[in-house]
Amino acid sequence: MPGHVNRDVRLSGAVMAHPRRMEAAARLAGGVLDIVTDPDPGGRPSAFRTSLLAWSSIPGDSTHHFLLHDDMVLSSTFFQRAERAARAMPHAALALFAFWNSRNGAAVRQGALAGARWVAGAGEYTPVAALLLPKEVAEGYVEWAAGRGDTWPDDVLMGRYLRQAGVPVFVAVPSLAEHEDLASLVDNDFQGVRRSPCFFADDPLAGVGEDVVLDDLPVIPFFKRGVAQCAVRVPGSGRWRDLRCEDYLAGLGIDAGAAVARAGAGAHGGLWLTAYTMGVVHAGRGLGDARAGGGGRGLGDARVVDEALATMGPGGLCHELSGRELGRLSAELHEVARAGLEAGLGTGPADRPPRAATSPSPIPLIAAPGSSGAVAVSGAETFVREHLAHALTDRGLTLATVDSGVPVVHVCALGWSPDADPEEELRLARAAFAGGRGGVLLSSVHVYPERKWVDEETPVSPADTPLSRALLQVEAAAPGAVVLRLGEPYGPGMPQRGPVADLVLRSSLNRPAPVSGRPVQLVHVQDVAGAVLAALERGVTGRVYNVAGRKRLRMGELVEAVSQAVRPMDVETSDEPPGPLVNVERAGIELGWREGVTLDYGLHTFAQWLAYESDRPQPG
């Protein structure tokens with residue numbers, strides 16, 4: 001939140017430009033701002049070297065400095081608002097613009113609903129197209145970032161530095177600048193049209209002070225790449241995680257599928273659901289009007305809220321639709337967003353069935369008496385175990401200790417974790433299922449022999465491979481469990497080794513290189529959690545279920561998917577001999593489990609984690 005108002009603010013600014021866009025830069029600078037040009041215009045496309053030079057060139061008498069990209073348009077009150085905000089929040093980084101499909105853009109929409117002037121940054125990259133920094137923060141960034149130009153883009157680097165330095169980030173509501181539709185000089189045109197979530201040439205909130213800040217958003221619904229999703233803050237850690245809106249709402253006892261069907265949103269169901277979730281979050285937290293200190297369910301300025309809704313649909317579809325197509329659909333998308341928000345705001349406790357009616361609870365076959373609603377999660381500290389713990393509590397289950405008599409969900413890391421030790425994994429499994437405890441064991445499809453095709457009835461033998469032998473020993477330690485044999489788990493937090501992680505990282509950094517590996521059947525951690533919940537509810541003790549994507553991806557197909565989900569790249573690939581194609585029909589027929597996470601969304605969630613979370617301290 002803003003601290004004391006600092007009257008002694010001396011603001012300066014500059015425009016960073018490529019020589020090919022000097023005319024646009026001069027027009028934006030208006031004879032008032034400095035222009036800093038790319039020191040190596042013929043070099044590898046990158047905004048980093050120009051921004052580093054610009055942040056190094058702050059006038060000596062300045063206390064705060066803002067930097068603009070040369071393709072921005074300023075609001076009529078840009079300079080006045082920027083100076084007032086610097087006085088109100090003298091030690092903060094102020095993002096004067098955010099992109100309409102980002103978490104920060106979604107936070108701006110939540111701020112608009114609450115009538116705020118500024119909203120706390122959403123734990124992703126820091127928008128740098130129009131950014132204001134205290135001079136000492138800029139100096140610290142220049143020192144820290146020197147030598148990092150060949151790593152992440154400058155907005156990711158800025159976000160990492162500000163977080164590590166403990167500098168708070170606030171994003172303007174509405175935006176003080178807008179992005180023009182000029183061709184990207186740093187190879188970002190694949191992202192489509194890039195605009196603000198809420199921009200006005202004038203200032204609809206002229207009477208509202210810059211100290212009206214919304215800085216406590218534990219959940220931020222956003223619509224990106226056609227998917228209704230949420231960024232959820234991990235309590236007490238400073239970290240964020242991604243999940244789909246339908247999964248978040250399920251934890252509140254709301255059937256998202258039924259809600260979308262009742263609304264008749266059709267092809268725009270994802271947009272409707274995102275706006276609906278925004279309304280649920282806003283109403284449920286009693287944010288009300290930030291100018292009045294919250295506590296109600298009212299909205300902020302109607303004009304600002306409506307503009308924020310108008311950009312939600314185009315922002316979420318800009319990766320696949322042209323500007324012309326977005327323009328043609330804009331009115332229709334706007335109405336869908338309005339309808340979704342209205343429905344979400346009207347969802348109260350009476351509209352939500354009792355948690356027990358919608359949240360899975362362990363079935364009698366694997367549940368000890370009196371244990372309904374509680375479960376233990378065990379195994380080595382891995383990204384799968386962490387995600388399962390979150391997913392189970394999201395659905396209303398209570399986490400208990402292994403020895404408390406409740407069903408155990410045990411994660412064996414053999415087959416997918418490079419650090420898994422067979423002897424330690426066997427010890428952990430025996431401890432988890434000691435005394436005949438029931439529950440769910442996560443094993444691996446690597447238990448199967450090398451055949452073209454396998455299912456749960458395929459004979460397995462300890463003599464096949466050392467890995468098969470180790471997995472069979474683990475499964476034998478859990479005779480009273482439902483066994484889920486996983487394909488290749490992937491998603492946020494996965495080990496940064498292997499073809500999938502390597503391709504996503506190289507795509508993120510725009511550093512293509514040849515890749516080889518065996519074809520893979522992936523399963524996203526969110527789908528793993530869905531399978532566990534289904535097994536707790538409908539699984540049969542001692543029965544085995546394969547849980548993986550139906551399609552086995554060759555390296556070339558994986559490169560194509562990563563190029564679509566992250567950043568285009570041209571990579572030479574080679575396939576190593578494939579393992580068996582694993583049949584997953586039984587899990588669908590008996591458990592009702594289906595792969596729900598698209599490959600595009602799944603790969604994108606991992607790319608986001610790499611950029612925004614992988615530098616933070618991780619559990620375990």
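A few points on the structure.

What counts, and at which threshold
Residues numbered from 1 in each chain as written. Predicted model: local features only at pLDDT ≥ 70, side-chain atom pairs only at ≥ 80, totals over all residues. Heavy atoms only, no water. Helix = DSSP H or I, 4+ residues; strand = E, 2+ residues; numbered from the N terminus. Rg over C-alpha atoms; globule rule 2.2 N^0.38 Å. Buried < 20%, exposed > 50% of the residue type's maximum accessible area, 1.4 Å probe, protein only. Contact = heavy atoms within 4.5 Å. Areas by Shrake-Rupley, 256 points an atom, 1.4 Å probe, with all protein chains shown as cover. Lys, Arg positive; Asp, Glu negative; His and termini not counted. Charge placed at Lys NZ, Arg CZ, Asp CG, Glu CD. Axes fitted to C-alpha atoms, helices over the stretch in contact; angles between N-to-C directions. Parallel < 35°, antiparallel > 145°, perpendicular 65-115°, else oblique. Left-handed = near helix turned anticlockwise from the far one by under 90°. Nonpolar A, V, L, I, M, F, W, Y, C, P; charged D, E, K, R; others polar. Disulfide = S-S within 2.5 Å. Phe/Tyr/Trp six-rings, centres within 6.5 Å; stacked < 30°, edge-to-face > 60°. Lys NZ or Arg CZ within 6 Å of the ring centre and 35° of its normal. Pairing = 2+ DSSP bridges.

## What about the overall build of the protein chain?
And step 1. The number of helices and strands found in the protein chain is 21 helices and 25 strands.
And step 2. The C-alpha radius of gyration computed for the protein chain amounts to 26 Å, which stays within 12% of the reference 25 Å derived for 620 residues, consistent with globular compactness.
And step 3. Dimensions along the principal axes, computed over C-alpha positions, put the protein chain at roughly 80 × 55 × 45 Å.
And step 4. Across the 620 residues that make up the protein chain, the buried fraction comes to 58%.
And step 5. If you take every contact in the protein chain between residues at least 6 apart in sequence, the share linking residues at least 24 apart comes to 78%.
And step 6. Carbon and sulfur atoms make up 51% of the accessible area of the protein chain, which totals about 24,000 Å².
And step 7. Taken as two groups, the 58 positive and 72 negative side-chain charges of the protein chain have centres that lie 2 Å from each other.

## Looking at the packing of helix 19 (residues 555–565) against helix 21 (residues 599–612)
And step 1. It is the contact of helix 19 with helix 21, at a shortest axis distance of 9 Å, that shows an interaxial angle of 70°. Viewed along their axes, helix 19 and helix 21 adopt a mutual orientation that is roughly perpendicular. Handedness of the helix 19/helix 21 crossing: right-handed. Contacts between helix 19 and helix 21 pair A561, V562, Q564 and A565 from the former with L599, D600, L603 and H604 from the latter.
And step 2. Across the contact of helix 19 with helix 21, the residue classes tally to five nonpolar, two polar and one charged.

## Details of the state of the cysteines
And step 1. Taken as a whole, this structure holds zero disulfides when the rule is applied.
And step 2. Here C198 is not disulfide-linked; the sulfur of C318 is the nearest cysteine sulfur, at 17 Å.

## Remarks on the packing of aromatic side chains
And step 1. Here the structure, examined in full by the defined rule, presents 11 aromatic pairs.
And step 2. Taken together, a centroid distance of 5.6 Å and an interplanar angle of 45° make the contact between W144 and Y161 tilted. Placement of W144 in helix 5 (residues 135–145) and of Y161 in helix 6 (residues 154–165) is noted, with a sequence separation of 17 residues between them. Comparing W144 with Y161 shows no difference in burial state: the two are buried.
And step 3. These aromatic residues form a ring-pair network of at least three members: F66, F78 and F79.
And step 4. Between R148 and the ring centre of W144, over which it is positioned, the NZ or CZ distance is 4.0 Å.

## Describing the sheet that holds strand 13 (residues 240–244)
Where strands meet in a sheet, backbone hydrogen bonds hold them as pairs that are either parallel or antiparallel.
And step 1. Across the sheet, three strands lie side by side as 11-12-13; this open sheet has antiparallel pairing. Strands with a single pairing partner mark the edges of an open sheet, and in this sheet they are strand 11 (219–224) and strand 13. For this sheet the average axis-to-axis angle between neighbouring strands, irrespective of direction, equals 30°.
And step 2. Two elements, strand 11 and strand 12 (residues 227–233), share six bridges in a ladder whose sense is antiparallel. Residue pairing for strand 12: I220 is matched across the bridge by A231.
And step 3. Strand contacts of helix 21: strand 11, strand 12 and strand 13, with the helix running at about 170° to strand 13, the strand carrying the most contacts.

## Section: the side chain of S507
And step 1. Examined against the element boundaries, S507 turns out to sit in helix 17 (residues 499–508).
And step 2. Take S507: its relative accessible area is 0%, and that puts it in the buried class.
And step 3. Not counting the four nearest positions on each side in its chain, S507 is found in contact with V562, V566, R567 and M569.

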